[in-house]
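If you want the building blocks of each chain, they are given just below.
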Amino acid sequence: MELDFERCYRAVDSRDQRFDGWFYTGVTSTGIYCRPSCPAITPKRQNVRFFPSAAAAQGVGLRACRRCRPDAAPGSPLWDVRADVVGRAMRLIADGVVDRDGVPGLASRLGYTERHLHRMLSAEMGAGPLALARAQRAQTARILIETTDLGMAEIAFAAGFGSVRQFNDTLREVYASAPSDLRTARGGQRAPAGAGTLALRLAYRPPLHARALLDFFAVRALPGVDEVRDGTYHRGLRLPHGTGEVALTPAAGHVAATLRLTDLRDLAPAVARCRRLLDLDADPAAIDATLAVDPALAPAVAAEPGIRVPRAVDGFEMAVRAIVGQQVSVASAQKTLTRLLTAPAPAPAQVDHEVFATDSGVSGQQPHDHRRAEGGRRDGAQGLRGFLSPEELLSLPDAGFGMPVGRRETLRGLARAVLDGSVDLAAGVDREEAVRGLLALPGIGPWTANYLAMRAFGDPDILLSTDLAVRRGAAALGLPDNPTTLDGYADRWRPWRSYATMRLWRAA
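Residues numbered from 1 in each chain as written. Predicted model: local features only at pLDDT ≥ 70, side-chain atom pairs only at ≥ 80, totals over all residues. Heavy atoms only, no water.

We now examine the sheet that holds strand β2 (residues 32-34). In space, the four strands of this open sheet follow the order β3-β1-β2-β4, with mixed pairing throughout. Because the sheet does not close on itself, it has two edges, and the strands there are β3 (48-51) and β4 (63-64). Across the sheet, helix α1 (residues 5-13) is in contact with β1 (24-27) and β3; its angle to β3 comes to roughly 100°. (Pairing = 2+ DSSP bridges. Helix = DSSP H or I, 4+ residues; strand = E, 2+ residues; numbered from the N terminus. Contact = heavy atoms within 4.5 Å. Axes fitted to C-alpha atoms, helices over the stretch in contact; angles between N-to-C directions.)

Another aspect to go through is the side chain of Ser37. For Ser37, the position within the fold is in the loop between β2 and β3. Separated by 2.7 Å, the side chains of Ser37 and Asp20 make a polar contact. Ignoring sequence-local partners within four residues, the contact set of Ser37 consists of Arg15, Asp16, Gln17 and Asp20. (Polar contact = N/O pair within 3.5 Å; in protein donor to acceptor, adjacent residues only side chain to side chain.)

Right, let's talk about the pairing of β1 for a bit. Looking down a regular strand, the side chains alternate between one sheet face and the other. With burial as the criterion, each face of β1 is covered, one bearing Tyr24 and Gly26 and the other bearing Thr25 and Val27. Relative to β3, β1 runs antiparallel, the two sharing four bridges. Across the sheet, residue Tyr24 finds its bridge partner in β3, namely Phe51. As defined by bridge partners, β1 adjoins β2 across three bridges and the pair is classed as antiparallel. Bridging from a neighbouring strand, Val27 pairs with Ile32 of β2. Between β1 and β2, which pair antiparallel and follow one another directly, the connecting turn spans four residues, one of which, Gly31, has a positive phi of 75°. (Buried < 20%, exposed > 50% of the residue type's maximum accessible area, 1.4 Å probe, protein only.)

Moving on, we come to unusual backbone geometry. Across the junction of Pro206 and Pro207, the peptide omega takes the value 0°, indicating a cis bond. Within the fold, Pro207 resides in the loop between β5 (198-203) and α11 (210-219). Here the bond from Arg494 into Pro495 is cis, since omega is 0°, no more than 30 degrees from zero. With a phi close to 55°, Ala176 is a non-glycine residue in the positive phi region.

This paragraph deals with the packing of aromatic side chains. On inspection of all chains with the given rule, the structure shows 13 aromatic pairs. Geometrically, the ring pair formed by Phe216 and Trp505 is tilted, given 6.3 Å between the ring centres and 35° between the ring planes. Taken as a pair, Phe216 in helix α11 and Trp505 in helix α23 (residues 497-507) lie far apart in primary sequence, 289 residues in all. When its relative accessible area of 16% is taken as the criterion, Trp505 is described as buried. For the ring pair Trp496 and Tyr499, a centre distance of 6.0 Å and an interplane angle of 75° mean the geometry is edge-to-face. In this structure, Trp496 and Tyr499 share a single accessibility class: buried. Members of the aromatic cluster, each reached through a chain of ring pairs, are Phe216, Phe217, Tyr233, Trp447, Tyr451 and Trp505. Just above the ring of Phe216 sits the side chain of Arg220; from NZ or CZ to the centre is 3.7 Å. The cationic tip of Arg492 hangs over the ring face of Tyr489; the distance from NZ or CZ to the ring centre is 3.7 Å. (Phe/Tyr/Trp six-rings, centres within 6.5 Å; stacked < 30°, edge-to-face > 60°. Lys NZ or Arg CZ within 6 Å of the ring centre and 35° of its normal.)

Here the focus is the state of the cysteines. For the coordinates displayed, the defined rule picks out zero disulfides. Take Cys8: it sits in no disulfide, and the sulfur closest to it among the cysteines is that of Cys34, at 14 Å. Among the cysteines around Cys65, which has no disulfide bond, Cys68 carries the closest sulfur, lying 3.8 Å off. Given the relative accessible area of 9%, Cys65 is considered buried. (Disulfide = S-S within 2.5 Å.)

Core analysis: the largest hydrophobic core is formed by 115 residues, its most contacted members being Leu248, Leu259, Val320 and Trp493. The biggest single contributor to this core is helix α15 (residues 315-324), with seven residues. Ranked by size, the runner-up nonpolar core spans 23 residues in total, among them Val85, Met90, Leu92 and Ala107. (Core = buried A, V, L, I, M, F, W, Y, C linked by side-chain atoms within 4.5 Å.)

This brings us to the pattern of salt bridges. Under the counting rule described, the total for this entry stands at 30 salt bridges. With its nearest N and O atoms 3.8 Å apart, the salt bridge here joins Arg408 to Asp398. One end of the pair, Arg408, is in helix α18 (residues 405-420); the other, Asp398, is in the loop between α17 (390-395) and α18, and 10 residues separate them in sequence. Judged by its relative accessible area of 13%, Arg408 is buried. The structure contains a network of salt bridges with shared partners spanning Arg69, Asp71, Arg142 and Glu146. (Salt bridge = Lys/Arg side-chain N within 4 Å of Asp/Glu carboxyl O.)

With that settled, consider the packing of helix α13 (residues 284-291) against α23. What describes two packed helices is the angle between their axes and the distance between those same axes. Taken N-terminus to C-terminus, the directions of α13 and α23 make an angle of 70°; their axes are 10 Å apart at the nearest point. Between α13 and α23, the interaxial angle falls into the category roughly perpendicular. Of the residues in α23, those in contact with Ile287, Asp288 and Leu291 of α13 are Tyr499, Ala500 and Arg503. Split into classes, the residues belonging to the contact of α13 with α23 amount to four nonpolar, no polar and two charged. (Parallel < 35°, antiparallel > 145°, perpendicular 65-115°, else oblique. Nonpolar A, V, L, I, M, F, W, Y, C, P; charged D, E, K, R; others polar.)

Bringing the sheet that holds strand β6 (residues 226-229) into the picture now. Strand order in the open sheet formed by five strands is β5-β9-β8-β7-β6, with antiparallel pairing between adjacent strands. Two strands close off the open sheet at either side, each with one partner strand: β5 and β6. Across the sheet, the mean angle separating the axes of adjacent strands is 25° when strand polarity is ignored. Sheet topology note: the strand β8 (residues 242-251)/strand β9 (residues 254-261) ladder contains eight bridges and is antiparallel. Residue pairing in the sheet places Glu245 in a bridge with Arg260 of β9.

A word on α15. The buried count for α15 comes to 10 of 10 residues, which makes it a mostly enclosed element. Those residues of α15 not exposed but buried are Gly315, Phe316, Glu317, Met318, Ala319, Val320, Arg321, Ala322, Ile323 and Val324. Lining the buried residues of α15 we find β6, β7 (232-239), α16 (330-341), α17, α18 and α20 (446-455). Capping the start of α15 is the job of one residue whose side-chain oxygen sits 2.9 Å from the backbone nitrogen of Phe316: Asp314.

Written out as structure tokens, the structure reads:
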């Protein structure tokens, strides 16, 4: 990745928060690296180097600044825009794929050899996939050290390290402190969130129109899955090693996240999915500047800066929501989805079983239907759970769907396609290939595929021009409401047409 020295140095000299996460500042005279907005005295030019990633700075022996904590900066908005292999790799690394499947697993997901993948990431990011994952492990470990009372050995393996020695060596190298010293630095007090709970801050680039996000989620909330209450968004999570629940409260400069996880190895993917859900890595200043050039959108941009695209924590969930929501109102879709989620579970003899990890680490048998695993409906008393899995959806009887036969079979076809691998709905998917796979399924058309590209795959440049609410919003703003004409007009909004779609929805 090319970094222009003069532009980067000006950003550092002005302590511009907009560039946090875009690049990192290495100071050779002190041996540390910082975020651009670090409040320390601006270093001399001859002592400065700029890096495209924290891993690249660590690779030349620099340690993280204790004052500005560069590992807690927002992620680069570049990965939302870029749909190439490097962009996909960065999204998958953030989701913990290297920790779970190693570099071979990451390379296999991307369809490249390990050697070629390492070469591409090193050229763009200044570090290979293992070093990038290592930097993320160090950040995860620091969070666990500072927010829990777990023993260091437990933290080491929960953060993804292969051994306690590797854990100790990495933290000394990255933070110039022993793990025990990082815990001492919090003042010797108990973990702030209490036993079994993690409290952390998710940074973002201001402005953030939090009310728009909460309003969007509130009208689409599903019982037992998610809810908005007292300015906080609560939702259940399906994660690689278990389930979890998160409460997200927008605040000045950050979103306060309170996480409860059944397996602490899921911390990094949980954080990555929450950031993606709220679109926290976006660059709202750049987006709003582009949209505000259009006189039709300028008043809305000025009145509501920082509108984000609500994304997804689960691609399959979003696909089911999109299919059920085809050609019906949001309220009607919510009623249908609620019936689907509260449908009676099949008799025990009809339920498939899967191997799962118990708290003791011993394998056992558990029904696929987690709604019945604790002996009752998923409701507030039981806590929130993730959405239905493909297996659970396929186990439901016909009567459990409460929708036309064609739509029911579309949902079943989607679930089978996800299970057999012909459709990939994960974060690091090739967007164009995923859309082609979705369009090949009976009952899924361009609106549904593009809706998923925008919300599940994170494409920032999708305009849902045939959507009725989008057309109404366009008409309300004095824009053409014919889909073909609107498509042509919207070229001026590239590459941020997804954000224009959100504004048209709000105008409607």
